[in-house]
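# A structural walkthrough
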Amino acid sequence: MATNTLDDREEDDYSETESALETALRQLSAAATQVDVDDGIIERLKHPTRVVEVGVPLKRDDGSVEVFTGYRAQHDDVRGPYKGGLRFHPDVTAEECVGLSMWMTWKCAVMDLPFGGAKGGVVVNPKDLSTGEKERLTRRFAEEIRDTIGPKRDIPAPDMGTDAQTMAWFMDAYSMQEGETIPGVVTGKPPVIGGSEGREEAPGRSVAIIAREALQYYDIDVDEATVAVQGFGSVGANAARLLDDWGADVVAVSDVNGAAYDTTGLDTHAVPSHEEQPEAVMQYDAPNMLTNEEVLELDVDVLIPAAIGNVLTADNADDVQADIVVEGANGPTTSAADTILEERDVPVIPDILANAGGVTVSYFEWLQDINRRQWSLERVNDELESHMLSAWDDVRREVEAGDVSWRDAAYVVALGRVGEAKASRGLWP
Ligand code: NAD
């Protein structure tokens, strides 16, 4: 992930593929120059509270035993319990978990949620595991990090390679050892065991809400807007369909194979999403097909990169013709591209605001779990709408007051909140 502004465009010798931790530290330093937060607090925030490393033994289906490495990095909990995903991926490292845990601290803070930041995972390719092996690995990992987590301490959620079923096993393993059912130990569970209605659609819904607000801010009517979406998965399809429902012309949507393109607007509900039929966007009968690169360069009002990270780079940022970029994916814009887009006056609404609907509905799920009271889908969506509008207003005020980019403004809001909480609690002893 690489998502911050370079101070100087000439500095493009730094890697476009810097690590998550390098990015997080650079973002923190950049935001620190714009917020009145004590240097000692900034120093504290450069370091995680703790990183737990565990060995996770797994009995494979053939009877052999393999030991995997798992991590849980906890960055900061000054505003509430640590919160962040658990990934099962071969590239998981302690350093990556630390970087991503910092990023969760800012995401929760910009949304004003009473959570801090964490991230964890197991170094494993889940595609190499049978369902039974995945279940045993998840349960054993839950046991190994049991002392580190808890509904008032640290609340994991699904991430790359994990899903609602993984969270169900994790919650069950934790609950069995505690002797009582504790749904609030993880979020992103199936609704039947305490998951929230609307959780799956929430990141895409928040992207659509923020795109709508951004259009309005730049005096473009949503029902006259044109939109292009890269990635037609959970985030992209939900965002595209909502914007379509609100009257926008979604002219292009893509999956890994390419894009369906119709200048008069696609029927986004008829294009198969990743969940409905993986990688089938090209089967939709569109007048034109485009490559993924071409989607990023369409002359539209809003471009939503919602597939993977680092797709807007120094190589293509000058060719982006969209009036506004709204980040659906995590880290789709490299720092070099961010600088180029800023110089070209193309606003980039950052991921930590736009796709924060996921962690926001995770917060609603946690509230429902600890209160043992399920909310209706209508209530979830209403509350999500008001949380997104409130965060949008906070960031917008910062943009207007400080003449800063949307990304810098979001970090200023987040760091301001975390810094103020730290100053008020103090350093102990
Ligand atoms: P998904 O697996 O549901 O869908 C991903 C889509 O992107 C698919 O249509 C796939 O074909 C397409 N795609 C994959 N590689 C591509 C490539 N190289 N070029 C173009 N398209 C490609 O994934 P998702 O859950 O929608 O996540 C998308 C992004 O949003 C990721 O960056 C993820 O980290 C981020 N995100 C997801 C959530 C969530 O809860 N789902 C929350 C916040 C952020």
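Residues numbered from 1 in each chain as written. Predicted model: local features only at pLDDT ≥ 70, side-chain atom pairs only at ≥ 80, totals over all residues. Heavy atoms only, no water.

## Comments concerning the site of the ligand
This is how it is decided: Proximity criterion: a residue is near a molecule or strand once any of its heavy atoms comes within 4 Å of it. Distance and chemistry together define a polar contact, namely a pair of N or O atoms within 3.5 Å, with one atom able to donate a hydrogen and the other to accept it when in protein, and with adjacent residues in sequence counting only for side-chain atoms on both sides. Note on areas: Shrake-Rupley with a 1.4 Å probe; residue coverage comes only from the protein chains shown. Only Asp, Glu, Lys and Arg are considered charged in this grouping, and only Ala, Val, Leu, Ile, Met, Phe, Trp, Tyr, Cys and Pro are considered nonpolar; every other residue, Gly among them, is considered polar.
The full set close to the ligand counts 19 residues, and Ser 234, Val 235, Val 256, Glu 279 and Asn 330 are the nearest of them. One nitrogen or oxygen atom from the main chain of Phe 232 is found 3.1 Å from an oxygen atom belonging to the ligand. The separation between an oxygen atom of the ligand and a polar main-chain atom of Val 235 is 2.8 Å. If the ligand stood free it would expose 830 Å²; the protein chains cover 73% of that surface. Taken together, the residues of the shell around the ligand sort by class into eight nonpolar, nine polar and two charged.

## Describing the sheet that holds strand 12 (residues 348–349)
Heads up, the rule is: Strand pairing requires that DSSP identify at least two bridges connecting the strands. Here a helix means four or more residues in a row that DSSP labels H or I, a strand means two or more in a row labelled E, and each is numbered from the N terminus. Two residues qualify as a contact provided that any one of their heavy atoms is within 4.5 Å of a heavy atom in the partner residue. Under this scheme, a helix contributes an axis fitted over its contacting stretch, all axes are lines through C-alpha atoms, and angles between N-to-C directions fall in the 0 to 180 degree range.
Overall, mixed pairing links the seven strands, which are arranged 9-8-7-6-10-11-12 in an open sheet. Both outer strands of the open sheet, strand 9 (288–290) and strand 12, are each paired with one neighbouring strand and no more. Two elements, strand 8 (residues 258–261) and strand 9, share three bridges in a ladder whose sense is antiparallel. Its bridge partner being in strand 9, Ala 260 is matched across the sheet by Met 289. Sitting on the sheet, helix 6 (residues 202–217) is in contact with strand 10 (302–305), strand 11 (324–326) and strand 12, with an inclination near 160° to strand 11.

## Focus: the domain arrangement of the protein chain
Quick note on the threshold: Start and end positions for the domains come from either an automated domain assignment or a database one. What counts as buried area is the accessible surface, traced by a 1.4 Å probe, that two parts surrender upon association, with contributions from both included. Within this document, salt bridges are pairs made up of a side-chain nitrogen of Lys or Arg and a carboxyl oxygen of Asp or Glu, the two lying within 4 Å of each other.
The assigned domain composition of the protein chain is domain 1 (48–181) and domain 2 (202–354). Distance from the C-alpha centre of domain 1 to the C-alpha centre of domain 2: 30 Å. Overall, the association of domain 1 and domain 2 removes approximately 430 Å² of surface from exposure, summing both partners, and the carbon and sulfur fraction of that is 69%. The largest contributions to the domain 1 side of the interface with domain 2 come from Trp 103, Lys 107 and Val 110, which together make up 77% of the buried area. For the pair domain 1 and domain 2, the interface holds zero salt bridges. In this structure, the connection of domain 1 to domain 2 is made through zero residue pairs in polar contact (both at pLDDT 80 or more). Here the residues of the side of domain 1 that touches domain 2 sort into four nonpolar, no polar and one charged.

## Remarks on the side chain of Ser 101
Under the convention used in this document: Here the term buried applies to any residue with accessible area under 20% of the maximum for its type, exposed to any over 50%, and partly exposed to those in between, with areas from a 1.4 Å probe on protein chains only.
Mapped onto the fold, Ser 101 is located in helix 3 (residues 94–110). Using a relative accessible area of 0% as the deciding quantity, one classes Ser 101 as buried. Excluding residues that lie within four positions of it along the chain, Ser 101 makes contacts with Ala 73, His 75, Gly 117, Ala 118 and Lys 119.

## Remarks on the pairing of strand 3 (residues 82–89)
Which entries qualify depends on this criterion: Note on handedness: a clockwise path from strand one over the helix to strand two, with the strands aimed away from the viewer, defines a right-handed crossover.
Most of strand 3 sits inside the fold, with seven of its eight residues counted as buried. By the bridge criterion, six bridges tie strand 3 to strand 4 (residues 116–123) in an arrangement that is parallel. In the strand pairing of strand 4, Tyr 82 is matched with Gly 116. A crossover connection joins strand 3 to the parallel strand 4 through helix 3; in handedness this β-α-β unit is right-handed. As paired elements, strand 3 and strand 5 (residues 154–158) share five bridges and run parallel to each other. Within the sheet, the bridge partner assigned to Gly 84 lies in strand 5 and is Pro 156.

## Details of the packing of helix 6 against helix 11 (residues 357–371)
Helix-helix packing is described using two parameters, namely the angle between the two axes and the distance between the axes. Condition: Each angle receives one of four descriptions, namely roughly parallel if under 35 degrees, roughly antiparallel if over 145, roughly perpendicular if within 65 to 115, and oblique otherwise. By convention, the crossing between two helices is left-handed when the near helix turns anticlockwise from the far helix through less than a right angle, and right-handed when the turn is clockwise.
The interhelical angle for the contact between helix 6 and helix 11, taken along N-to-C directions, is 125°, at an axis separation of 7 Å. Classified by the angle their axes make, helix 6 and helix 11 are oblique. With respect to the hand of their crossing, helix 6 and helix 11 are arranged in right-handed fashion. Contacts between helix 6 and helix 11 involve Ala 202, Pro 203 and Ser 206 from the first element and Gly 357, Gly 358 and Val 361 from the second. When the residues that make up the contact of helix 6 with helix 11 are grouped by side-chain class, the tally is three nonpolar, three polar and no charged.

## Section: the packing of aromatic side chains
Put simply, the rule is: Any pair of Phe, Tyr and Trp rings, taking the six-membered ring for Trp, is counted once the centres come within 6.5 Å. Such a pair is stacked with planes under 30 degrees apart, edge-to-face with planes over 60 apart, and tilted for the rest. Our definition puts a charge over a ring when NZ of Lys or CZ of Arg is within 6 Å of the ring centre and also within 35 degrees of the ring normal.
Here the structure, examined in full by the defined rule, presents nine aromatic pairs. Aromatic side chains Tyr 217 and Tyr 218 sit 4.9 Å apart centroid to centroid with 85° between the ring planes, which places their arrangement in the edge-to-face category. Between Tyr 217 and Trp 392 the ring centres are 6.3 Å apart and the planes differ by 80°, which places this aromatic pair in the edge-to-face class. One end of the pair, Tyr 217, is in helix 6; the other, Trp 392, is in helix 12 (residues 377–402), with 175 residues separating them in the sequence. Positioned above the aromatic ring of Trp 246 is the side chain of Arg 212, whose terminal nitrogen or guanidinium carbon lies 4.8 Å from the ring centre. Over the aromatic face of Trp 375 sits the side chain of Arg 379, whose NZ or CZ is 3.9 Å from the ring centroid.

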